[in-house]
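# Observations on the model geometry
Listed below are the residues making up each chain.
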Amino acid sequence: MITPGDYQIYQPRPARPSMRRSPARIVVVGTTGSGKSTLAERLAARIGGDFVDLDALNWGPDWTPAPVPEFRERATAALAAECWVVAGNYSKLRDIVWGAADTLIWLDYPLPLVLWRLLRRTIRRVATREELWNGNRERFREQFASRESLFLWAIKTYSRRRHEYPAALALPEYAHLRVLRFRWPRQMERWFNSMSNR
């Protein structure tokens, strides 16, 4: 059974009737390593929608980012479907993604937990030479001995996002969103298990 303490709902304005239906367009946000893509892929399978990974739309060969206009075009095309789940934090796409979503899930886990998850993921990717997007792979030196480290990025952006998201969610253009802010993975799992298949 889910109790009100399992997750926090941001709803600064009364919910519109359309918000009471099962979510069909979901965006998952959170610090690097929090599990955005994993949850988004699971949710997409649960609701029968497309899984959209914004990193896959952004990163070209040799970790070359897409030009912003092209990135926005790709995102717009990817969200043309009726039902989808997006994973990603890109502020340059916020108006497109958040504007089209009906539900936003914020994985706001403690930083030590995020870093531990990121460490496990990075070791796995480096050890197995897992291919990510367009032939890109994470390398030990980049992640553990350079300024490009995702660990540094996670630490740098953690507090910023905790201030940035509430401010953005208070804007009128995102008043339509139903927002679920999970503080612990077990809270997210309880909610996920409570969802009915579409």
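Owing to the predicted nature of the structure, the values given are computational and were not obtained by experimental measurement.

Definitions and cut-offs
- Residues numbered from 1 in each chain as written.
- Predicted model: local features only at pLDDT ≥ 70, side-chain atom pairs only at ≥ 80, totals over all residues.
- Heavy atoms only, no water.
- Phe/Tyr/Trp six-rings, centres within 6.5 Å; stacked < 30°, edge-to-face > 60°.
- Buried < 20%, exposed > 50% of the residue type's maximum accessible area, 1.4 Å probe, protein only.
- Lys NZ or Arg CZ within 6 Å of the ring centre and 35° of its normal.
- Helix = DSSP H or I, 4+ residues; strand = E, 2+ residues; numbered from the N terminus.
- Arc of directions from axis to C-beta.
- Contact = heavy atoms within 4.5 Å.
- pLDDT = per-residue confidence, 0-100.

## Structural notes on the packing of aromatic side chains
With the rule as written, the count across this model stands at six aromatic pairs. A centroid spacing of 5.7 Å and a plane angle of 50° characterise the contact between Phe182 and Trp191, whose relative ring orientation is tilted. Trp191 matches Phe182 in its accessibility class, with the two residues each being buried. Cluster of aromatic residues (ring-pair linked, three or more members): Trp98, Trp106, Tyr165 and Tyr174. For Arg42, the ring lying beneath its charged end belongs to Phe192, and the centroid distance is 4.2 Å. Of note, Arg94 hangs over the ring of Trp98, and the distance from its end group to the ring centre comes to 4.8 Å.

## Considerations on helix H8 (residues 185-194)
If you check which residues of H8 are buried, you get Pro185, Gln187, Met188, Trp191 and Phe192. Across the axial projection of H8, the buried residues extend over an arc of 160°, all falling on one side. If you follow the buried residues of H8, they end up packed against helix H1 (36-47), strand S7 (103-107), helix H5 (111-128) and strand S8 (178-182).

## Concerning the confidence of the model for the protein chain
Per-residue confidence for the protein chain gives a mean pLDDT of 85; residues scoring 70 or more make up 87%. The low-confidence segment residues 1-7 (pLDDT under 50) makes 14 contacts with residues lying over four places distant or belonging to another chain. When the criterion is pLDDT under 50, residues 10-20 qualifies, and its contacts beyond four places in sequence or with other chains add up to 22 contacts.

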